[in-house]
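Given next are the chains, with one letter for each unit.
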Amino acid sequence: MLVMKFGGTSLGDAAHIGTVASLVRARLDREPALVCSAHAGVTDLLLDGARAAAAGNPDLDRIRRREHDLLTALGLKASLVDPELDELEQMFQGLRLLPAGLAPQVLDQIAAYGERMSVKAVAAYLRKRRIPATAVQADEAGLLTDARYGRASPLPKAYKTLGSAVRKVKGVPVITGFIGRAPDGSVTTLGRSGSDFTATIVGRAVNAEVVLIWTDVSGVLTADPRIVTGALPVEALTYAEASELAYYGAKVIHPATIQPAVEAGIPVRIKNTMDPDAPGTVIGPSRPRGGSKVTSIASKRGIVLVNITSGRMLGQSGFMARGFDAFRDHDDVVDLIATSEGSVTV
């Protein structure tokens, strides 16, 4: 099988979704399985709507209009996603009555509706184009995760359960990215841009030949083009390089994306939906020798430096362990560590 992941910009309007259908049709002989994000901008609308509802102003109009307009442009019935919109309406009204209920698990449940509506639209449009397709809710199909709302990770048993469910789907599976389900049955999300992560999870689950991540750029670039003019696509990256770049600010893929691919030995290729003939960037266990010693440069904003200084640190075993216990207790991630005789900066 082949896994094809399409992000929000690739599904942002009728023209882009038409291109997606053509890309899928051209690969039907390779048994594609699709992983889809929410339509561009919808996740932000959902989260903004939830916060407004909790503040006493529930309003679903912008979300409803966005979804209905897109379905109409695709020549589909606008009522296709009304069941999901009606459920959202009830949730928003509940948040207005219980403003203290805007907990992380509630935000995950609301954010998941973007992907739920997206796969219904994409699957329906593929069928309209005479491509057999079935919308698949990943959380219902077995993508089991831990309960870290907002940045969940798959449980080991998820791969077998999800893989079995996907193989039984009639036609092209169109699978929700971004969302999973905790052991207690509550909805979780894998973090923003988590559909990339879902794609490699599905890839490992079905032992795919390759995972194609379709986005709006022609692969990983040598630098952020918004900062460095003339940044060029990188032909190949190792799994380790891609993981480091993603973790330290490169926006092309989700930081956790690579691990399932590493575990299954599956290559990941970044492709441009609007320029499908461009080779993009392939991510695998190795890359060709030669060329630049520096593969790419990434940057990360919003970093907080904490400097811990104490005379008790000198010659005292266990001091740093106690300090890092505090970060663990608050579930804070440490990116970098620098130490000296009497201080540690993280």
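This text goes with the structure placed above it.
The present account deals with the structure reproduced in this document. (Residues numbered from 1 in each chain as written. Predicted model: local features only at pLDDT ≥ 70, side-chain atom pairs only at ≥ 80, totals over all residues. Heavy atoms only, no water.)

Another point: the overall build of the protein chain. What the protein chain contains, in helices and strands, is 11 helices and 13 strands. A compact globule built from 346 residues would reach a C-alpha radius of gyration of about 20 Å, and the protein chain, at 22 Å, matches this within 12%. Taking all 346 residues of the protein chain together, the buried fraction comes to 47%. Nonlocal contacts in the protein chain, meaning residues at least 24 apart in sequence, comprise 73% of its contacts between residues at least 6 apart. A total accessible area of about 16,800 Å² is found for the protein chain, and carbon and sulfur atoms account for 53% of it. Placing the 39 positive and 36 negative side-chain charges of the protein chain at their respective mean positions leaves the two points 4 Å apart. (Helix = DSSP H or I, 4+ residues; strand = E, 2+ residues; numbered from the N terminus. Rg over C-alpha atoms; globule rule 2.2 N^0.38 Å. Buried < 20%, exposed > 50% of the residue type's maximum accessible area, 1.4 Å probe, protein only. Contact = heavy atoms within 4.5 Å. Areas by Shrake-Rupley, 256 points an atom, 1.4 Å probe, with all protein chains shown as cover. Lys, Arg positive; Asp, Glu negative; His and termini not counted. Charge placed at Lys NZ, Arg CZ, Asp CG, Glu CD.)

Mapping serine 296 onto the fold places it in the loop between β10 (281-284) and β11 (307-309). When sequence neighbours within four positions are dropped, the list of residues in contact with serine 296 reads Leu221, Thr222, Ala223 and Leu245. Within the structure, the side chain of serine 296 is placed 2.6 Å from the backbone oxygen of leucine 221, a separation counted as a polar contact. A distance of 3.2 Å separates a polar side-chain atom of serine 296 from the backbone oxygen of threonine 222. (Polar contact = N/O pair within 3.5 Å; in protein donor to acceptor, adjacent residues only side chain to side chain.)

Before going further, it helps to spend a moment on the pairing of strand β7 (residues 210-215). A large share of β7 lies buried, amounting to six of its six residues. Burial along β7 is two-sided: Val210, Leu212 and Trp214 facing one way and Val211, Ile213 and Thr215 facing the other are all buried. Where strand β1 (residues 2-6) meets β7, five bridges bridge the pair, whose relative direction is parallel. Pairing of leucine 2 across the sheet is with valine 210, part of β7. Pairing of β7 with strand β9 (residues 268-272) involves five bridges; the strand directions are parallel. Its bridge partner lying in β9, valine 211 is registered against valine 268. (Pairing = 2+ DSSP bridges.)

We now examine the nonpolar core. Counting residues in hydrophobic clusters, the biggest one holds 47 residues, and the most contacted among them are Phe6, Leu34, Leu88, Phe92, Ile110 and Val174. If you tally residues by element for this core, the top one is helix α6 (residues 113-128), at nine residues. One finds Val3, Leu190, Ala242 and Ile283 within the second-largest nonpolar core, a separate group that totals 38 residues. (Core = buried A, V, L, I, M, F, W, Y, C linked by side-chain atoms within 4.5 Å.)

A word on the sheet that holds strand β4 (residues 172-176). Reading across the sheet, the eight strands line up as β3-β4-β2-β1-β7-β9-β10-β8 and stay open at both edges, with mixed pairing between neighbours. At either end of the open sheet lies a strand with only one pairing partner, and these are β3 (133-136) and β8 (236-238). The mean inter-strand angle of the sheet, taken between neighbouring strand axes irrespective of direction, is 20°. Sheet strands in contact with α6 are β2 (32-36), β3 and β4, and its direction is about 175° off that of β3. With respect to the sheet, helix α8 (residues 194-206) is in contact with β1, β2, β4, β7 and β9, its orientation differing from that of β1 by roughly 170°. (Axes fitted to C-alpha atoms, helices over the stretch in contact; angles between N-to-C directions.)

This part covers the side chain of glutamate 115. With respect to the helices, strands and loops of the structure, glutamate 115 is situated in helix α6. Every residue in contact with glutamate 115, bar those within four places of it in the chain, is listed here: Cys36, Ser37, Ala38, Thr43, Thr176, Gly177, Phe178 and Ser195.

Turning our attention to the pairing of β10. Sheet topology places β8 next to β10; three bridges connect them, and they run parallel. Looking at the pairing, threonine 238 lines up with glycine 284 of β10. Note that β9 and β10 share three bridges and pair antiparallel. Bridge pairing in β10 links valine 268 to isoleucine 283.

Further remarks concern the packing of helix α2 (residues 42-54) against helix α5 (residues 104-111). For the pair α2 and α5, the least separation of the axes is 9 Å and the interaxial angle reads 135°. Classified by the angle between their axes, α2 and α5 sit oblique to one another. Like other packed secondary-structure pairs, α2 and α5 cross with a definite hand, here right-handed. Taking contact as the criterion, the partners of Thr43, Leu46, Leu47 and Ala50 in α2 are, on α5, Leu107, Ile110 and Ala111. For the contact of α2 with α5, the per-class residue count stands at six nonpolar, one polar and no charged. (Parallel < 35°, antiparallel > 145°, perpendicular 65-115°, else oblique. Left-handed = near helix turned anticlockwise from the far one by under 90°. Nonpolar A, V, L, I, M, F, W, Y, C, P; charged D, E, K, R; others polar.)

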